[in-house]
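# Fold and geometry: a report
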Amino acid sequence: MNNPRQITTLRAAAVISSTIIGVGILSFPRYMTEAGNSSAPLVAFCGVLFSFISYWLLASLCQRFPQETLFVFSRRLIGRPLAAIFTVVIMLLFIILTGLTVRQFGDVATTVLYKKTPIEATIFLMLLISLLSSRRNVVKFSYIHFFYLPLIVGSILVTILLSLKNVEMLNLQPVLMAPSLQFWKGAQEATYLFQSSFVIVLLIPFMEKPGHAVRAGAWAIFLSGAIYVLIVIASVGIFGAEETKLLIYPTLEMARSAAFGEGFLERLDAIFIIIWVISVYTTIYTTYYISAYLLHKLLRFRDQRMASTVLLPVMFILAMLPSNVFESYRWALHLGNAGMMLMFGYPLLLWTVYLLRRHRKKVTS
């Protein structure tokens, strides 16, 4: 490939956005309502802001090294051994995240879509599709996300807009409540859905304008964040805070309430669930791709094809470990906590070392 810098800012934003919109969209309103009752939209909004701060910390650091990925320039900043340890930890995080995400997909798919299909078959097929997709290079990876994003965002927005006509404004009041510990915990949980924006570290060396990495992330996070906030507003507005807490998948119930015309497109939930499957695929595709990329770098394979094949049985076993849907969500929350500390703490460590070295260089000169 003559010109490796083929990813535009818009395409980078599409990768991040289609990655963020994924499996958690169905149950997201329930978690936000448990944290903030009728202030759930505000909880979600705070989560979006926290996610952008964390992303800015990472992307603005990577922009200082536009020719390299995080895993390359981190060796010069903190040394090879420590950088290798952090790379292994990040790889394990994304391997487990892929396993748990595909398990959550399997739980929903066998409950709502394929009731007579074994969950093992559903999980294996999704992992197999992700494996085959992960054998492509980064530029083709970005094209796949760019192709699916309009379909995902457009369909979800239409469903939300049609649902909004059923909203009872009284259900959304009071809009503002005194933020409690539970409120901030809910905002923290909202950030878990945005952790895969980490994929920007793979994209920057291939971006036409690496200096626009923060801009691409801002577009992606606020577009995805707006969709999540609108879904919470629609769910709480239609069902009320207390009933939303009782629904396993409030977003799916919201889609069932949406209809267009008399006798025309009355089952938007069927279309919505198809779009949801595509959005889950793009999310798992990204986390699978990051895992394979890191493994191929650590083991020095020629490319990530062999690494992606090796990872399939590992992720399948991880996906089958939780005994039920509640356990898989509990594991996902624990992983989210660990991921948040890593995604915020590691860039902060690298930033500190980078600034100290730059200061020392200025003093010496």
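See the structure above.
Being a predicted model, the structure only gives us computed values, none of them experimental.

What follows covers a nonpolar patch on the surface. Nonpolar side chains collect at one region of the surface, where F45, L49, F50, I53, W184, F222, F344 and L348 lie side by side and expose about 720 Å² of accessible area between them. Those elements that provide at least two residues to the nonpolar patch are α3 (40–62) and α15 (325–364). Here the nonpolar patch takes four residues from α3, the largest share from any one element. Within the secondary structure, F344 is located in helix α15.

Turning our attention to the packing of helix α10 (residues 213–239) against helix α12 (residues 250–257). At their nearest, the axes of α10 and α12 sit 10 Å apart, and the two run at 70 degrees to each other. The orientation of α10 relative to α12 falls into the category roughly perpendicular. Contact residues: α10 offers I231, A234, S235, I238 and F239, while α12 offers P250, T251, E253, M254 and S257. Of the residues that constitute the contact of α10 with α12, the class distribution is six nonpolar, three polar and one charged.

Take the side chain of Q304 next. Positionally, Q304 belongs in helix α14 (residues 304–320). Q304 gets classed as buried once you look at its relative accessible area, which sits at 8%. Polar contacts involving the side chain of Q304 include one to the main-chain carbonyl oxygen of R136, which spans 2.7 Å. Within the structure, Q304 has its side chain in polar contact with the side chain of Y289 (distance 2.9 Å). Those residues in contact with Q304, other than ones at most four positions away along the chain, are S134, R135, R136, N137, Y289, A292, Y293 and H296.

Here the structure, examined in full by the defined rule, presents five salt bridges. Put simply, K245 and E242 hold a salt bridge, and the shortest N to O gap is 3.3 Å. Taken together, the positions of K245 and E242, both in helix α11 (residues 241–246) and three residues apart, correspond to about one turn of that helix. Overall, E242 belongs to the exposed group, its relative accessible area being 53%. A salt bridge links R330 to E327; the shortest N-O distance between them is 3.9 Å. Taken together, the residues span about one helical turn, with R330 and E327 both in helix α15 at a distance of three residues. Judged by its relative accessible area of 42%, R330 is partly exposed. Here E327 falls in the buried class, since its relative accessible area comes to 17%.

Applying the stated rule across the entire model yields 21 aromatic pairs. Members of the aromatic cluster, each reached through a chain of ring pairs, are F141, F147, Y148, Y281, Y285 and Y289. The cationic tip of R30 hangs over the ring face of Y31; the distance from NZ or CZ to the ring centre is 4.9 Å.

Moving on: the environment of L350. Here L350 lies in helix α15. Apart from residues no more than four positions distant in its own chain, L350 is found in contact with L61, L70, F73, S74, L77 and I78.

Thresholds applied
- Numbering of residues starts from 1 in each chain and follows the order in which that chain's sequence is written.
- Only residues with pLDDT of at least 70 get local features here, since the model is predicted, and only at 80 or more are side-chain atom pairs given and counted; chain-wide, interface and lining totals rely on the full set of residues.
- Where side-chain values are given, they derive from all heavy atoms of the structure, hydrogens and water being excluded.
- Within the patch definition used here, like charges are joined within 9 Å and nonpolar side chains (Val, Leu, Ile, Met, Phe, Trp, Tyr) within 5 Å, considering only residues with over 30% relative accessible area and no salt bridge.
- To measure how exposed things are, a 1.4 Å probe is used in the Shrake-Rupley method; for residues, cover is taken only from the protein chains shown.
- A pairing counts as a salt bridge when a side-chain nitrogen of Lys or Arg comes within 4 Å of a carboxyl oxygen of Asp or Glu.
- Counting from the N terminus, the helices are the DSSP runs of H or I reaching at least four residues and the strands are the DSSP runs of E reaching at least two.
- Fitted lines through C-alpha atoms give the axes, limited to the stretch in contact for helices. The angle between two N-to-C directions lies from 0 to 180 degrees.
- Orientation is classified from the angle alone, with under 35 degrees giving roughly parallel, over 145 giving roughly antiparallel, 65 to 115 giving roughly perpendicular, and any other angle giving oblique.
- In this description, contact between two residues means that some pair of their heavy atoms is separated by no more than 4.5 Å.
- Here the term charged refers only to Asp, Glu, Lys and Arg, the term nonpolar to Ala, Val, Leu, Ile, Met, Phe, Trp, Tyr, Cys and Pro, and the term polar to all other amino acids, Gly among them.
- Three labels apply to residues, based on accessible area from a 1.4 Å probe with only protein chains included: buried if under 20% of the type maximum, exposed if over 50%, partly exposed otherwise in between.
- Here a polar contact is recorded for every N or O atom pair within 3.5 Å, except that within protein the pair must consist of a potential hydrogen donor and a potential acceptor, and residues adjacent in sequence are included only if both atoms are side-chain atoms.
- A pair of aromatic rings is counted whenever rings of Phe, Tyr or Trp (Trp by its six-membered ring) have centres within 6.5 Å, and the orientation is called stacked for planes under 30 degrees apart, edge-to-face for over 60 and tilted otherwise.
- Whether a charge sits over a ring depends on NZ of Lys or CZ of Arg being within 6 Å of the ring centre and within 35 degrees of the ring normal.

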